[in-house]
Amino acid sequence: MSLSSVHVHERRKGQPVRTPKVTEVVVTPVAVVDPPLLNASGVHQPYQLRAIVELRTDAGLVGLGETYGDDPVLANLRAAAPALVGLDVFDLNGLALRVARALGSVTVDTPTDLIGVASREKSVAQTAGAFEVACYDVQGKATGLRVCDLLGGAVRESVPFSAYLFYRWATHPEGAAPEGFPDDDWGQALDAEGIVAQARRLVDAYGFRSLKLKGGVFAPEEEVEAVVALREAFPDHPLRLDPNANWSVRTAQRIAPRLEGLLEYLEDPTAGNPGMAAVARATSLPLATNMCVTSFEEVPEAAALGSVAVVLTDHHYWGGFRATQRLSGICQTFGWGMSMHSNTHLGISLAAMTHLAAATPALDYACDTHSPWQREDLVRPGALRWSGGSLTVPSGPGLGVELDRDALARLHRQYLDCGIRHRDDQVGMVLADPTWVRKSPRY
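Residues numbered from 1 in each chain as written. Predicted model: local features only at pLDDT ≥ 70, side-chain atom pairs only at ≥ 80, totals over all residues. Heavy atoms only, no water.

Colleague: Go over the environment of Asn 273 with me, naming the residues and quoting the values.
Modeller: Its location among the elements puts Asn 273 in helix 9 (residues 273-280). Since its relative accessible area comes to 2%, Asn 273 is described here as buried. Sequence separation between Asn 273 and Thr 289 is 16 residues; the distance between their C-alpha atoms is 9.6 Å. Once residues lying within four places of it in the same chain are set aside, the contact partners of Asn 273 are Cys 292, Val 293, Glu 298, Glu 301, Ala 302, Leu 305 and Ser 307. (Helix = DSSP H or I, 4+ residues; strand = E, 2+ residues; numbered from the N terminus. Buried < 20%, exposed > 50% of the residue type's maximum accessible area, 1.4 Å probe, protein only. Contact = heavy atoms within 4.5 Å.)

Put into structure tokens, the structure is as follows:
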């Protein structure tokens, strides 16, 4: 008998089912150490910020969520939190309404400059999405079901991910990190040889079966050389390149044909739907995006112009699980493929991504993840298991992960001490080269 039929049956007998209601919302910002990964905006700072959400309920159950931890995001989470007290965790329409009312007409900067222009729709979606994940976690704990089962059932019990390759420095520039900062042993990767070596290490450690290179760092011709070297080293691995819109339309039109037959898709070579459409007309390569289609209001233009063939979803800024499932239907309608975007994240988000991917039939490309680059976490080990480049869906109820409160306290203290409150990838670049200026497009 389904949960919905139980509700109907009990209500007919005059005995409504008692479902958990929110009694308290706790939002805890944390900072995690991060390596000097290069991208179109600059270089990762020594610490990346996340926000951990806990929904405490009158049933004694606690739901977990995770999202960006920049000041504007924290302000929205804290503004909406009091409005959720008394919310039934199954009332997700009520959740969205309460968040929208609490935020009013607010529009804040997006937590990363890679997901387009800020809007009220995006602000509400980012905030509601974090709380929705926590509601589903409580739902699962209350029913004994996994989140993927609550989302319609798992169509795959193992979710494939792609190795995320970065040009990088061996260490953060002098002055960026505090004394005693724990650098890793990956060394630098600043050319094709370094990228291939990095890929071999990730494939050997995790078994990844597809490879994605974060581009937009060096001249396009150099990044094409890295793609060619990856194809020679890994002839059977699908490849992707993501310049993060750091190429002009003319550059992208010139370079894209050289990548035909090498890539499964080219992600965001240039900015905006009109520019992407112009590039699409110049190449047979599928173009993917997580920059020009990042909310429902941006879908019509993309569909009208034919600018994309693959959309990289991200429940953190699309509005949660249900919004992503709506997006999946839209992708099927327009014949778009679907993958999953990643930012620096911890185990709660990784579990949420895995459950969502498991329950989304149209997700036909391996997902992105930054997980191999993270050396700190705040979920207890054992629930998230890698095998053959895929992550097994956690078997426990809800998200299937448990919060390590000692780790949470330590990472919160790290947040308080590090002084970073908003991601700014330009800081390290200027420390390394005072003449460096962010330009978009650069090439």
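Colleague: Account for the sheet that holds strand 4 (residues 47-57), naming residues and giving values.
Modeller: The strand order 1-4-5 describes an open sheet built from three strands, whose pairing is antiparallel. Of all strands in the sheet, those with a lone pairing partner are strand 1 (22-33) and strand 5 (62-68), marking the two edges. Neighbouring strand axes in the sheet, compared pairwise and without regard to direction, differ in orientation by 20° on average. Note that strand 1 and strand 4 share eleven bridges and pair antiparallel. Within strand 4, the residue paired with Ala 31 across the bridge is Leu 49. Set on the sheet, helix 4 (residues 120-143) makes contact with strand 1, strand 4 and strand 5; between it and strand 5 the angle comes to about 155°. Contacting strand 4 and strand 5, helix 13 (residues 347-358) runs over the sheet at an angle of about 100° to strand 5. (Pairing = 2+ DSSP bridges. Axes fitted to C-alpha atoms, helices over the stretch in contact; angles between N-to-C directions.)

Function cannot be inferred from these measures alone, as they are strictly geometric.
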